[in-house]
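# Chains, contacts and geometry: an overview
Each chain, written out:
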Amino acid sequence: MTAVPSPCNVLLVGSGGREHALAWKLSQSPRLGTLWVQQDANAGLRALGRPCPAPLAARERFFLRSWLDRNDIHLVVVGPEVPLAEGIVDELEAPGRRVFGPRRDGARLEFDKAFSKQVMKQANVPTADGRAFTTFEQARAYVQARDVPVVVKASGLCAGKGVTVCSDGAEAVAALEKMMKQRAFGDAGATVVVEERLVGQEVSVLALVDGRTITVLDPCQDHKQVGEGDTGPNTGGMGSYCPTPLATPAVVESVARDVLVPTVDALRRDGIEFRGVLYAGMMLTPGGPKVLEFNTRFGDPETQSIMPRLRGDLVDILWRTAGGELDGAAIDFDPRTACCVAVCAEGYPGTPRTGDPIEGIEAAAACAGPGEEVHVFHAGTALRDDGSVVTAGGRVLGVTALAADLRRARDLATAAAARIRFPGAFFRRDIGHRVLAPAGTVPVLAD
Ligand code: AMP
Ligand code: GLY
């Protein structure tokens, strides 16, 4: 076992809310040396780290690698899926340096849904029945021959936009046409997966995996749709909370036993050693929990409600995970509930309005009562030369509250979010509503 260097210099790849939450937690480690962040990182990240002068673009990895060598960077932490799919982990690993995240062969579980489906079938992992297609005619024939509602998914990465949940065959054929003929998602839609439509509550189960050891983190739920009551178009995520009682300990155990362990084992049998985060997007169906998708990274905005509850030294935890030494890491959770509310800019999830000064960040953080915390994580923000913070994306801030129970955490996060001011700011007030029904109605629990 190679102990984590102390001080440990870290480069964090990625520039959104997930990365600000990771940087915030990394910054609490007594082992952290210099934290480097992307040059175009948001204002929250810029306050915690030094901008890395080396380019991060895929075609310039050689320069980044030599910069890492010259600057004694011990640990690289990769947040988003795109660099993982490009193979950044394979490119930057070096003796004495660890890179947190799966290599390209493991990241394939996320960037190639057809592959992911095949691994699940081989490993007998419960998932929606489905098939992958590379020709429109065959996909259409399959849809028309089946008498059940289906979901059509582009196999490649589409920033969360490549899934169409269809109510009938005509809608499914239209989705196939859009992906396979019009190539609305480019090459990401060259292969599609058509699968049965499942019903139930959705939960996110994230685990740290070091190739062998699997540590399951407390389960979360995110709310993807823009409107209250889960209505309107999908977004990157309007809020999250952790833990969610929808995933009972028995559910989490069955996800570990029937999903995570067999998947990691199946990959290993194929010569793929998976290290990083394995994130199972689950549907709790009447027939038991089934996988909707795998991601191979921390979720966004799940991370904003996981990190404030995580106890332990994140530098050490990520170092050990990246090096196959997770066994023995001290990982534990604060018993309080965390709720994150995304404050968004007008126009989101379409083209958001940007460049507006943001006020009220300190006032939001000051909402917490005794025994509570409020953290304002930056997502789409930018730091101006005059020191002001302006909007620079659709999801602008993630306001996370930590409180005794979900109701209080949600109320506190909502009250804090209401203190954030910029023109056209909006957010959902009902994060957690699948557990906390409005007064006078019956809570909807797991199906
Ligand atoms: P994915 O990116 O595969 O997680 O899909 C995005 C969203 O589409 C999920 O969060 C679900 O709400 C929905 N979805 C995906 N697959 C299915 C399915 N088989 N049945 C019903 N809904 C699904
Ligand atoms: N919250 C969904 C995701 O990170 O993909």
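For the structure, see preceding data.
### Looking at the sheet that holds strand 17 (residues 288–295)
Ordered in space as 11-10-16-17, the four strands form an open sheet in which the pairing is antiparallel. At either end of the open sheet lies a strand with only one pairing partner, and these are strand 11 (214–216) and strand 17. Each strand of the sheet is rotated relative to its neighbour by a mean of 30 degrees, with strand direction disregarded. Looking at chain direction, strand 16 (residues 275–285) and strand 17 are connected through seven bridges and run antiparallel. Note that in strand 17 the partner of M282 across the bridge is V291.

### Quick notes on the sheet that holds strand 3 (residues 50–51)
Sheet strands pair via backbone hydrogen bonds, and the direction of the pair is either parallel or antiparallel. Across the sheet, five strands lie side by side as 3-2-1-4-5; this open sheet has parallel pairing. Looking at which strands have only one partner, the edges of the open sheet turn out to be strand 3 and strand 5 (98–100). In this sheet, strand 5 lies alongside strand 4 (residues 75–78) in parallel orientation, the contact comprising three bridges. Bridging across to strand 5, L75 finds its partner in R98. Contacts between helix 1 (residues 17–26) and the sheet are confined to strand 1 (8–13) and strand 2 (32–37), with strand 1 contributing the most and set at about 170 degrees to the helix.

### Section: the packing of aromatic side chains
Enumeration according to the criterion identifies five aromatic pairs in this entry. With a centroid separation of 4.9 Å and an interplanar angle of 85 degrees, the aromatic rings of W36 and W67 are classed as edge-to-face. Residue W36 is located in strand 2, and its partner W67 is located in helix 3 (residues 61–70); the two are separated by 31 residues in the primary sequence. You can call W36 buried: its relative accessible area is 8%. Since its relative accessible area comes to 6%, W67 is described here as buried.

### Overview of the site of ligand 2
As a matter of local geometry, ligand 2 sits amid D222, Y279, N295, R297, G299, D300, P301 and E302. Residue R297 places a side-chain N or O atom 2.8 Å away from an oxygen atom belonging to ligand 2. D300 has a polar backbone atom sitting 3.0 Å from an oxygen atom of ligand 2. Here ligand 2 loses 89% of its free accessible area of 200 Å² to cover by the protein chains.

Reading the values: the criteria
Residues numbered from 1 in each chain as written. Chains lettered and ligands numbered in written order. Predicted model: local features only at pLDDT ≥ 70, side-chain atom pairs only at ≥ 80, totals over all residues. Heavy atoms only, no water. Pairing = 2+ DSSP bridges. Helix = DSSP H or I, 4+ residues; strand = E, 2+ residues; numbered from the N terminus. Axes fitted to C-alpha atoms, helices over the stretch in contact; angles between N-to-C directions. Contact = heavy atoms within 4.5 Å. Phe/Tyr/Trp six-rings, centres within 6.5 Å; stacked < 30°, edge-to-face > 60°. Buried < 20%, exposed > 50% of the residue type's maximum accessible area, 1.4 Å probe, protein only. Near = heavy atom within 4 Å. Polar contact = N/O pair within 3.5 Å; in protein donor to acceptor, adjacent residues only side chain to side chain. Areas by Shrake-Rupley, 256 points an atom, 1.4 Å probe, with all protein chains shown as cover.

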